[in-house]
Amino acid sequence: MTGEQYVTEQGWLKASLTCCPLHPAGGCGFARHGSYPRKRPWGARIARWYCPLGRRTFSLIPDCLAARWPGTLQGVEVAVMTAETAPSLVAAARVLRPEIEEAGAVRWVRRRKNGVSDGLHRLRGLLPELLADCALT
Ligand SMILES: [Zn+2]
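Anyway, here's the lowdown on the structure attached to this text. (Residues numbered from 1 in each chain as written. Predicted model: local features only at pLDDT ≥ 70, side-chain atom pairs only at ≥ 80, totals over all residues. Heavy atoms only, no water.)

Taken as a whole and assessed by the stated rule, the structure comprises two aromatic pairs. The interplanar angle of 65 degrees and the centroid separation of 5.6 Å between the aromatic rings of Tyr6 and Trp12 together place this pair among those described as edge-to-face. Assigned by exposure class, Tyr6 and Trp12 land together as buried. (Phe/Tyr/Trp six-rings, centres within 6.5 Å; stacked < 30°, edge-to-face > 60°. Buried < 20%, exposed > 50% of the residue type's maximum accessible area, 1.4 Å probe, protein only.)

Taken together, Cys20 (SG), His23 (ND1), Cys28 (SG) and Cys51 (SG) make up the protein donors of the zinc ion, found 2.2 to 2.3 Å from the metal. Viewed at the metal, the four donor atoms of the zinc ion are separated by angles of 102 to 116 degrees, and the geometry they form is tetrahedral. Look at where the donors of the zinc ion fall in the sequence and you get C-x2-H-x4-C-x22-C. Of the two residues, His23 is situated in the loop between helix H1 (3-8) and strand E1 (31-37) and Cys51 in strand E2 (residues 45-51); the sequence distance between them amounts to 28 residues. The exposure class of His23 is partly exposed, given its relative accessible area of 23%. Given a relative accessible area of 0%, Cys51 falls into the buried group. (Donors = N, O, S within 2.8 Å, 3.2 Å for Na, K, Ca; no water. Tetrahedral: all angles 85-135°; square planar, octahedral: opposite > 155°, others 65-115°. Helix = DSSP H or I, 4+ residues; strand = E, 2+ residues; numbered from the N terminus.)

So, about the sheet that holds E2. With antiparallel pairing, the three strands of this open sheet are ordered in space as E1-E2-E3. Only two strands of the sheet have a single partner each, and these edge strands are E1 and strand E3 (56-60). Mean inter-strand twist for the sheet, computed between neighbouring axes without regard to direction, equals 30 degrees. One ladder, built from five bridges, connects E1 with E2; its direction is antiparallel. (Pairing = 2+ DSSP bridges. Axes fitted to C-alpha atoms, helices over the stretch in contact; angles between N-to-C directions.)

Now for the side chain of Arg97. Structurally, Arg97 is set in the loop between helix H3 (89-96) and helix H4 (102-126). On the accessibility criterion, Arg97 (16% relative accessible area) is buried. One polar contact links Arg97 to Glu99, side chain to side chain, over a distance of 2.6 Å. Discounting chain neighbours no more than four positions away, the residues touching Arg97 are Ala105 and Trp108. (Polar contact = N/O pair within 3.5 Å; in protein donor to acceptor, adjacent residues only side chain to side chain. Contact = heavy atoms within 4.5 Å.)

Here we come to the packing of helix H2 (residues 73-85) against H3. Close contact between H2 and H3 brings their axes to 8 Å; oriented N to C, the two are set at 140 degrees. Regarding the angle of H2 to H3, the classification is oblique. Relative to H3, the crossing made by H2 is right-handed. Residue-level contacts link Val78, Ala79, Thr82 and Ala83 of H2 to Leu89, Ala92, Val95 and Leu96 of H3. Split into classes, the residues belonging to the contact of H2 with H3 amount to seven nonpolar, one polar and no charged. (Parallel < 35°, antiparallel > 145°, perpendicular 65-115°, else oblique. Left-handed = near helix turned anticlockwise from the far one by under 90°. Nonpolar A, V, L, I, M, F, W, Y, C, P; charged D, E, K, R; others polar.)

Structural data, given as structure tokens:
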């Protein structure tokens, strides 16, 4: 499902969490706790549950959206691919974020590039037999 499909089909209404992550056996009063909006993609909401015993909420972010970043995972992928193929981060920033100042655009690109690179390094550490010889792109 793309971010656009998630919004159009109101995917947060179909999200389900069958048991409390803190109390899998139940008995804690775990229940749906509405949803909250995300800025991007516009119109997206995130389904949320609440455990009264644990005094904690749990949110289900769909696979198409990036956790801790606004927007979709596809948007992050496009940013990183552009950064990897552009002659410099500045050049990539000019293409990806022409509406903001260059320094901010470079930070925006660098955060995504470093985040994906860090994730790939961790994956290689977790699956060395599979990824040891792969380029981290
Ligand atoms: Zn619970």
